[in-house]
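Structural features, examined
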Amino acid sequence: MNLAFTQEQTELRRTVRDFLDKTSPEAEVRRLMETADGYDPDVWRQLAGELGIAGLTLPEEYGGAGCGFVELGVVLEEAGRSLLCAPVLSTVVLAASTLLGLGDDAACHDYLPGIADGTTLATLALTEAAGRWDDADGITATAARDGQDQGRGWTVSGRKAFVLDGHTASLLLVVARTGAGLSVLAIDAGAPGVHRVPRATLDQTRRQADITFTAAPARLLGEEGAAWPVLERVLDLAAVAVAAEQVGGAARVLDMAVDYARTRVQFGRPIGSFQAVKHKLADLHLGVESARSAAYHGLWTAAGDLPDLPLAASLAKACCGDAYVTAATENIQVHGGIGVTWEHPAHLYLKRAHSSRQLFGHPAHHRQRLARYVLAEQAATASPA
Amino acid sequence: MNLAFTQEQTELRRTVRDFLDKTSPEAEVRRLMETADGYDPDVWRQLAGELGIAGLTLPEEYGGAGCGFVELGVVLEEAGRSLLCAPVLSTVVLAASTLLGLGDDAACHDYLPGIADGTTLATLALTEAAGRWDDADGITATAARDGQDQGRGWTVSGRKAFVLDGHTASLLLVVARTGAGLSVLAIDAGAPGVHRVPRATLDQTRRQADITFTAAPARLLGEEGAAWPVLERVLDLAAVAVAAEQVGGAARVLDMAVDYARTRVQFGRPIGSFQAVKHKLADLHLGVESARSAAYHGLWTAAGDLPDLPLAASLAKACCGDAYVTAATENIQVHGGIGVTWEHPAHLYLKRAHSSRQLFGHPAHHRQRLARYVLAEQAATASPA
Amino acid sequence: MQHSSAPAPGSTAGGPAQFEGRAQFEGRVREWFGANAPRKGSPEDFSAVHVVSARSPQEYHEQEEHAITVTRAWQRRLFDAGLAGRSWPAECGGHGAPDWQDEVVAAEQARWGVSTKMFAVALEMVPAVLFGHGTHEQRVAYLPPVLRGEHGWCQLLSEPGAGSDLASVSTRATPMDGGWSVTGQKVWTSNAGCSDYALLIARTGSREEGRAGLSCFALKMEQPGIDIRPLRQMSGAYHFNEVFLDNAFVPENGLIGGLGDGWAVLRTMLASERAAIGGGTSARSATQLVGLARQLGCSDDPGVRDLLAQAVIRERTLDLLRARIAAGHTVPAAGPTTKLLYSEHARLSADAATTILGMAVTLVDDPQSAPWIERLLFAPGLRLGGGTDEIQRNTIAERGLGLPR
Amino acid sequence: MQHSSAPAPGSTAGGPAQFEGRAQFEGRVREWFGANAPRKGSPEDFSAVHVVSARSPQEYHEQEEHAITVTRAWQRRLFDAGLAGRSWPAECGGHGAPDWQDEVVAAEQARWGVSTKMFAVALEMVPAVLFGHGTHEQRVAYLPPVLRGEHGWCQLLSEPGAGSDLASVSTRATPMDGGWSVTGQKVWTSNAGCSDYALLIARTGSREEGRAGLSCFALKMEQPGIDIRPLRQMSGAYHFNEVFLDNAFVPENGLIGGLGDGWAVLRTMLASERAAIGGGTSARSATQLVGLARQLGCSDDPGVRDLLAQAVIRERTLDLLRARIAAGHTVPAAGPTTKLLYSEHARLSADAATTILGMAVTLVDDPQSAPWIERLLFAPGLRLGGGTDEIQRNTIAERGLGLPR
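All values reported here derive from a predicted model rather than from experimental measurement. (Residues numbered from 1 in each chain as written. Chains lettered and ligands numbered in written order. Predicted model: local features only at pLDDT ≥ 70, side-chain atom pairs only at ≥ 80, totals over all residues. Heavy atoms only, no water.)

Brief notes about the overall build of chain C
A count of helical and extended segments in chain C gives 11 helices and eight strands. Expected size for 405 residues packed as a compact globule is a radius of gyration near 22 Å; at 22 Å, chain C falls within 12% of this value. Once the C-alpha set of chain C is aligned to its principal axes, its extents read approximately 70 × 55 × 50 Å. Expressed as a percentage of the 405 residues in chain C, the buried residues total 54%. For chain C, contacts bridging at least 24 residues in sequence account for 72% of all contacts bridging at least 6. Accessible area of chain C: about 15,800 Å², with a carbon and sulfur share of 53%. Each charge sign in chain C was given a centre, from 38 positive and 44 negative side chains, and these centres are 4 Å apart. (Helix = DSSP H or I, 4+ residues; strand = E, 2+ residues; numbered from the N terminus. Rg over C-alpha atoms; globule rule 2.2 N^0.38 Å. Buried < 20%, exposed > 50% of the residue type's maximum accessible area, 1.4 Å probe, protein only. Contact = heavy atoms within 4.5 Å. Areas by Shrake-Rupley, 256 points an atom, 1.4 Å probe, with all protein chains shown as cover. Lys, Arg positive; Asp, Glu negative; His and termini not counted. Charge placed at Lys NZ, Arg CZ, Asp CG, Glu CD.)

Listed below in structure tokens is the structure:
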């Protein structure tokens, strides 16, 4: 695997960073944190339209740019760096990957162009009250054929929780159970029987909603009962995506801590000249570069559609989540008193770090999963000749 | 619980330290490491006779001093500090506690006075090849009534491993299975059917042997099949004892590192003036003082015969084992190159630390056990009125 | 609530049974608390005192006002029962009893969940400073109103440019007729708005003199020239204040210690603060973590059990270390050692809670996660307040272990 | 063993296909290794080369002798096949090919378990030093015999009084007729007894000049005045040496770089050493830990699984970081970063092994625990050699992150 960025990818990074420096500075992040929707529709329109972010990885036939996961990772790393308040994870990663993965051509034609051009916000409603991402058996929402529509339509009932951008998405992809197993169904957020409750999130830059479905009219996507393997892959992609975002955030707080340590004077010298501060920052550097390596490996594995994506995803998510929390925590420590105030941006990153560590499985969960894969891998190779 | 030492206990510590400074300096430890027996019989005779260490916790009727576990802990802390090569854990802690715990008066009368006066070395042969201390079901050695002796005597067959001082003990207390369950039987190390193989230990200051029993003549101690609860308590006492020893070792290597950091000059100043070294040593200090607190709590709990000994033992063993390994490891780091040479004593402590961390259950095991107790404790208090 | 239906132990003060044995004293105190400690839901209920969670400056002021009122009343009750300042000299309003009697009272307060924490500076740092550096007149003037619950105190130490490096304090006290005029900016002051006095460190010498140019003062807080601005924390809550001093006045007898002795006074103050932080009762976060895991039904998970055990180990060993210190064991740098262990415990336990809570920790409106998020966002401040973790480690190394500066 | 039955890639050197594409070159190299790499159990089998485990000075000498003989022969074989020094200039015995060709050969060596580690100083540090600071004459004189497997090199840097602080080296090189006379004591020298030359740092100026008073020399090891004493490690094994120099001679042309340039040369040397340590293949300890857990039947234990996963994460991220560096990513302070990650991985994996092994780790005569005990006792040295962990952190902070000294 040759982990080198192409010139185009490097240019994409520069373009996105310039754009976000202008459209997502700290003041703007703080403004959006206090709004009901939590993102800026104008900026999203530009991100989707001018920069083509929303359709970056979508095939050209659906209005996308046909790029790979490495490009998306570059965008997410930059988004994480600037704490971009926008529905990238929900719409571009979760919803678009689910639609593509289910292989329902008609649905792709109906929904993906709207996602690509930024007019459709979509999300995946998978988790329920327990907040578990990997628990297929625990999903209790149900889907049933709708008798009124000659049995061609469906209805969904149940309660979903921790739905990313569930308060603003217009298209809800809902995981529900039928006799055949788990399916994904598309539900219009404005349809009858859909009740959305925005939650107060620790990370105010990324919102969630609870959504209750009461016989809400739904459209079955792909084959009935065949959704779980698709969702497993979507969750692996999502884990890699959030890992890239975490690396962007972790690198940003390390920069922030280094800059402060260079300039803040105590005891007559910059605090960055104290060995305790130096070694703390050196250790964060090890963590960030390790995390970055794991995240990039995840991106390239996803882009190459390689079979060890589950392993690469767990490696990335296990590593990057902890690296980000550690960096965000120690950044505050380096800043001292000013770092624990509301006015300083350090806490925004700490909250994002804690919140994103939980998404798509905690590092402790991914370590168990990683061990399982590695053990299976070795058992397979070690089987006697 | 008032964790204050009495004046007598403080004097005991001073006496033992003076004695060990004279009889167990580094040169003597290194000499004994290379001998076949691994201890100095003369020193043991003095420890037992002049200082009364061997019978410290034994009742006076068996020639003991009738002291409590706090006194024994003081001795062990000092022994750990000087890496004393002597059968304290095997004879005084494991064997004597087992004999007392089994409540077999005749056996106590027959064996304990010899232990108290230093003429009998004894040990407990519990663990087998898997090296597990808590696995009653895994014990495969068997005991049977000896037909030749009108059925009053017994024989034992099986293989014991990791037997502390198993190569020098004259009295072997062997855990074996009968139809009634687990029992402890006394076997003369010189009896027919006893085959002892000294092992090469990582920690050359504490020896072990494998012992194979082939229908070896044995004497049943206490009630047949009733040994396990007694042994569980013995193992808790042993865990507390080794925790006290670990605290002595950990404090010693911290002293060693501090002394070196004060005097070793690099870059024109003592290395102890570098913040990285200071903070490393400060962290070791936190570890040592925490460990000492847990160990002392264990000693007082054992001395008071309090019901939460299992919890106190796991707390002490979980905490002290890791603190010692960390202190011994970082002591080497502070010393730099000289610290990894054979000539420097740092490695002797590192090896003792690693070896003793395994005794009577690894910290990871004791953490699981501790959690079990704490959860049970809270379930009991939380049960509704 | 019944008032003083049990005999107040203080009623025997001065009598022949004045310094009864520990068990006897404990018995009396327990009995008195049983009869007098506020019940949950009563107006004096301390469980409602949460200054830390105020979501606006207005709410902060209200909560602070409520908390100080409740604390004043309770402190007065203790005083009337003869339970306040047991170990303080009689001339300062106390009873001249042995130190352990104060510990007995404190333990009983902790057991009942009542707290004089709002008075912590007044009850712990002020006497440490005055007995160490003050005059007899100052002790007699300042201490009795504290015991009676009349005067609360705060600290005016840190400045934006003087965080860890307190020697670089630049707030200036300029001599004037009858005293000093003080101008400068202080920060990280708890209870600034409801305190009667402040322990103030200000520069009386030149900048070049460094720590030798500092002096300590007792500053009356209610006077012109003092502007208090609540400071919003990263949790969104208000707890600390910035205090702007513009020609605030301190009378001549408000100087504590000699002119230029400020650094020595500050050291006494910080040592007593560290001991108060590290020596207090643990937040019982390990116990609460165990409860959380049981509630969430994940207490059978070995990974969770390992986290619980680690928390229990940290919490119990810290409690045991405090018990050893109380029992007279020699623990080098005991104050910074317990303070650092405490801040690490708080941080690691909050982090363990996030693992146990899972996705719930992403929601602040989840009742199970809310208290843990509060701790998670409070823990970083614990690593800074009363001297950063790094400063504690320096102190442990230099003063505890004797390493060269 | 068949010799060179496959076409040697080197046979095309200088021809039109000289710098064929990576895939093609890899194919040739693989074919050649398949035909020529020593098989397990053959006399050239590298798996028997374990200098680190010698239990006596005598055994150490014998193992070292064996190892150097095998290494010389293998290096000669590589040279004859045109696979040695692919990226080195032709005048130095190489082929002037791109760097990646050396990486391909190294990767194939690692895959076959053959190693030229005994020649690491000669093959990596000597060229780094000579290309950075040496003269054309020195390069032409010293480098070709290295590629042919004729000359092994060692380093004479550290001294008992100059560990981390190499600027305080006190071994002295005094000018004499036709060169220098060197006297002093060096320590931590690997392969001292079987090396032909040493890179020597010695003081040519005054003590007060510090690093400005140092110079670097190429010292011939076989001469009077050089006394080599194997040093026993804490594992009980012999691996390093003390080297006593008593008027050892270096000719005039043995000075590398200018007089007083020793510090700059040393920095080049250390950077290349760090890169070699951090950039080498991992010891695969995570993979081996996984195997150990499976053998011991404890791989279902969630605690063990967590340890395994942590080791896998460390190992794979380090490998991936190296791949990123190789792919041209900008990684500040790449050398110290990988070196530090490597030493931490070694330490933590050995520690994890002790947990997995349980009581077995208390026995050195247990075949399952013996290799892990060796690592456990070797890991502390990895935190020191090539610059301590603390020095690496300083370097990362100062040169990588730009923090002030």
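Section: the overall build of chain A
When you go through chain A residue by residue, the secondary structure sums to 11 helices and nine strands. Scaling as 2.2 N^0.38, a compact globule of 385 residues should have a C-alpha radius of gyration of about 21 Å, and chain A matches this with 21 Å. If you line up chain A on its principal axes, its C-alpha atoms span 80 × 65 × 40 Å. Considering chain A as a whole, with its 385 residues, one finds that 66% of them fall into the buried category. Sequence separation of 24 or more characterises 75% of the internal contacts of chain A that already satisfy a separation of 6 or more. A total of about 13,200 Å² of accessible surface is found on chain A, and carbon and sulfur atoms cover 51% of it.

Describing the UniProt feature "domain: Acyl-CoA oxidase/dehydrogenase middle" (unreviewed entry) in chain C
The feature "domain: Acyl-CoA oxidase/dehydrogenase middle" (unreviewed entry), as given by UniProt, occupies residues 154-246 of chain C in the numbering adopted here. Secondary structure within residues 154-246 of chain C divides into 0% helix and 54% strand; the distance between the first and last C-alpha atoms comes to 18 Å. (UniProt positions renumbered as here; feature names shortened; annotations may be inferred.)

Overview of the packing of helix α4 (residues 69-81) of chain B against helix α7 (residues 227-263) of chain B
All names here are of chain B. One can describe the packing of α4 onto α7 by two numbers: an axis separation of 7 Å at closest approach and a directional angle of 40 degrees. As judged from the angle between their axes, α4 and α7 are oblique. The chirality of how α4 crosses α7 is right-handed. Where α4 approaches α7, its residues F69, G73, L76, E77, G80 and R81 are matched on the opposing element by L237, V240, A241, A244, E245, V247, G248, G249 and R252. In terms of residue class, the contact of α4 with α7 is made up of seven nonpolar, four polar and four charged. (Axes fitted to C-alpha atoms, helices over the stretch in contact; angles between N-to-C directions. Parallel < 35°, antiparallel > 145°, perpendicular 65-115°, else oblique. Left-handed = near helix turned anticlockwise from the far one by under 90°. Nonpolar A, V, L, I, M, F, W, Y, C, P; charged D, E, K, R; others polar.)

Some points on the UniProt feature "domain: Acyl-CoA dehydrogenase/oxidase C-terminal" (unreviewed entry) in chain A
When the UniProt feature table is mapped onto this chain, "domain: Acyl-CoA dehydrogenase/oxidase C-terminal" (unreviewed entry) is found at residues 228-374 of chain A. Along residues 228-374 of chain A, the helical share is 80% and the strand share 3%, with 22 Å between the first and last C-alpha atoms.

Describing the interface of chain A and chain D
Taken together, the contact pairs 40 residues of chain A with 38 residues of chain D. Carbon and sulfur atoms make up 67% of the surface buried where chain A meets chain D, a total of about 3,400 Å² over both sides. Summed over the shared surface of chain A and chain D, the result is five salt bridges. At the junction of chain A with chain D, the criterion picks out 18 residue pairs in polar contact (both at pLDDT 80 or more). Listed by contribution, the elements that provide at least two residues to the side of chain A that touches chain D are α7 (227-263), α8 (275-303), α9 (309-335) and α11 (363-382) of chain A. Ranked by the residues each element gives to the side of chain A that touches chain D, the list is headed by α8(A), at 15 residues. Across the side of chain A that touches chain D, the residue classes tally to 21 nonpolar, 11 polar and eight charged. (Buried area = accessible area lost by both parts, 1.4 Å probe. Salt bridge = Lys/Arg side-chain N within 4 Å of Asp/Glu carboxyl O. Polar contact = N/O pair within 3.5 Å; in protein donor to acceptor, adjacent residues only side chain to side chain.)

Considerations on the interface of chain D and chain B
Between chain D and chain B, the contact holds 37 residues from the first and 37 residues from the second. Together chain D and chain B conceal approximately 3,000 Å² of surface at their shared face, both sides included; 60% is due to carbon and sulfur atoms. Along the contact surface separating chain D from chain B lie four salt bridges. A salt bridge links B:K280 to D:E390, with the shortest nitrogen-to-oxygen separation between them at 3.2 Å.

Section: the packing of helix α1 (residues 7-23) of chain B against α4(B)
The geometry of a pair of packed helices is captured by two quantities: the angle between their axes and the separation between those axes. All names here are of chain B. Where α1 meets α4, the axes come as close as 9 Å, and the angle between the chain directions of the two elements is 30 degrees. With respect to each other, α1 and α4 are oriented roughly parallel. Between α1 and α4 lies a crossing whose hand is right-handed. Contact with α1, carried on its side by Q9, L12, R13, V16, R17, L20 and D21, involves V70, E71, V74, V75, E77, E78, A79 and R81 of α4 and no other residues of that element. Across the contact of α1 with α4, the residue classes break down as seven nonpolar, one polar and seven charged.

Observations concerning the pairing of strand β7 (residues 208-221) of chain A
All names here are of chain A. As judged from the eight bridges shared by strand β3 (residues 154-164) and β7, these two strands associate in the antiparallel manner. Bridge pairing in β7 links T155 to P217. Bridge analysis of strand β5 (residues 181-188) against β7 gives three bridges, and the strand direction is antiparallel. Residue pairing across strands places L185 opposite L220, the latter belonging to β7. Relative to β7, strand β6 (residues 194-198) is paired through five bridges, and the arrangement is antiparallel. Bridge assignment links V194 to a residue of β7, and that residue is F213. (Pairing = 2+ DSSP bridges.)

A few points about the packing of aromatic side chains
Where two aromatic rings form a pair, the distance of their centres and the angle of their planes describe that pair. By the definition in use, this model includes 29 aromatic pairs over all chains. On the basis of an interplanar angle of 45 degrees and a centroid distance of 5.8 Å, the ring pair of C:W32 and C:W74 is categorised as tilted. Linking C:W32 in helix α1 (residues 22-36) with C:W74 in helix α2 (residues 57-80), this pair joins segments that are 42 residues apart in sequence. Here the two residues C:W32 and C:W74 agree in accessibility, since each one is buried. Among the aromatic residues, those joined into a ring-pair cluster are A:F5, A:Y296 and A:W300. We note B:R269 situated over the ring of B:F274; from NZ or CZ to the ring centre the distance is 3.9 Å. Above the plane of the ring of B:W342 lies D:R232, whose end atom (NZ or CZ) is 3.8 Å from the centre. (Phe/Tyr/Trp six-rings, centres within 6.5 Å; stacked < 30°, edge-to-face > 60°. Lys NZ or Arg CZ within 6 Å of the ring centre and 35° of its normal.)

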